[in-house]
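Structural features, examined
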Amino acid sequence: MYTIGLDSGSTTTKGVLFSADQLVDRYLIPTAGNPRGAMTEVVDYFKDQHGLSQVKLVTTGYGRKLIPADLVVTEITCHGKGAEYLLPGVTQVIDIGGQDCKAIQLNGKGSVTEFSMNDRCAAGTGRFVEVMMRTLGEEIADLDTFVQAATPITINSMCTVFAESEVISLISKGEERADIALGVLHSIAQRISSQYSKLRPKRGETILFTGGLSKSTAFSEVLAHYVLAPVQTDELSQFAGAIGAAQIGIKKL
């Protein structure tokens, strides 16, 4: 039996297909303001590509209840199980999505022992970086190249609206755009490290960094500087929630 894990995010919808415990395929598309449609598209993609008539479906994320599923699981639980799959024995996870930031502690076996979640403010999320990069006239996909030789400028505002005004002001003063971008990354990492420290992690423990922003090597390095610990990512880090959903389905369904 095949199992689909589906993570409905505010920015992207991620899906993974497992046969038993073997990862067969993955698929990511923009949510584009239509979570139900995006989730349906991902499921249809797997069925069409692999000729499947029956699958077990486990959903998580913001839109997890929008389509019929065999099991619906909260995203914190799924991210814990997904992190364990990507890095067995991990106890510290930071996930930065388009709309929220999660700091999660695990027991070393994928079960959540404590977590902190910021979903009330765009500051410290992928959306914040996207808005700032757009203001700077650059694509978020080019982030690492753009800040490669930059020196960070302090960004004082963490509210997206005020930070955007501050960035525009810095540009008008002739500051280098790359320096401003790196300053944005430092301001986000500083905020996230404060959120993470509330969990009182053991000093120096490796952190698995997941979510869309984990694709940025530059940000991973800046984050490691502020949390005072090694930060590790994985090729499948953006799929952690979907992987965790599938793993839970494999064991429970």
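Please refer to the structure higher up on the page.
Since this is a predicted model, take the numbers as computed values, not measurements.

**A word on unusual backbone geometry**
Even without being a glycine, Arg200 presents a positive backbone phi close to 55 degrees. Its identity is not glycine, yet Leu228 carries a phi of approximately 55 degrees, on the positive side. Tracing the chain through its elements places Leu228 in the loop between helix H7 (217–227) and strand E10 (231–232).

**Brief notes about the sheet that holds strand E1 (residues 2–8)**
Here we have five strands laid out as an open sheet, ordered E3-E2-E1-E4-E5, and mixed in their pairing. A strand with exactly one partner marks an edge of an open sheet, and here the two such strands are strand E3 (22–30) and strand E5 (71–72). Packed on one face of the sheet, helix H1 (residues 35–50) meets E1, strand E2 (12–19), E3 and strand E4 (56–61) and runs near 140 degrees to E3. Here helix H2 (residues 75–86) sits on the sheet and contacts E1, E2, E3 and E4; the angle it forms with E4, its principal contact strand, is near 110 degrees.

**Concerning the pairing of E2**
With seven of eight residues buried, E2 lies mostly within the body of the structure. Two strands pair when backbone bridges link them, and E1 and E2 are joined in this way by seven bridges, in the antiparallel orientation. Note that in E2 the partner of Ser8 across the bridge is Thr13. Connecting the antiparallel pair E1 and E2 is a turn made up of three residues. Note that E2 and E3 share eight bridges and pair antiparallel. Looking at E3, one finds that Val16 is bridged to Arg26. Count of turn residues in the E2/E3 antiparallel hairpin: two residues, of which Ala20 carries a positive phi of about 55 degrees.

Criteria and cut-off values
Residues numbered from 1 in each chain as written. Predicted model: local features only at pLDDT ≥ 70, side-chain atom pairs only at ≥ 80, totals over all residues. Heavy atoms only, no water. Helix = DSSP H or I, 4+ residues; strand = E, 2+ residues; numbered from the N terminus. Pairing = 2+ DSSP bridges. Contact = heavy atoms within 4.5 Å. Axes fitted to C-alpha atoms, helices over the stretch in contact; angles between N-to-C directions. Buried < 20%, exposed > 50% of the residue type's maximum accessible area, 1.4 Å probe, protein only.

As far as function goes, none of this settles anything; it's purely spatial.
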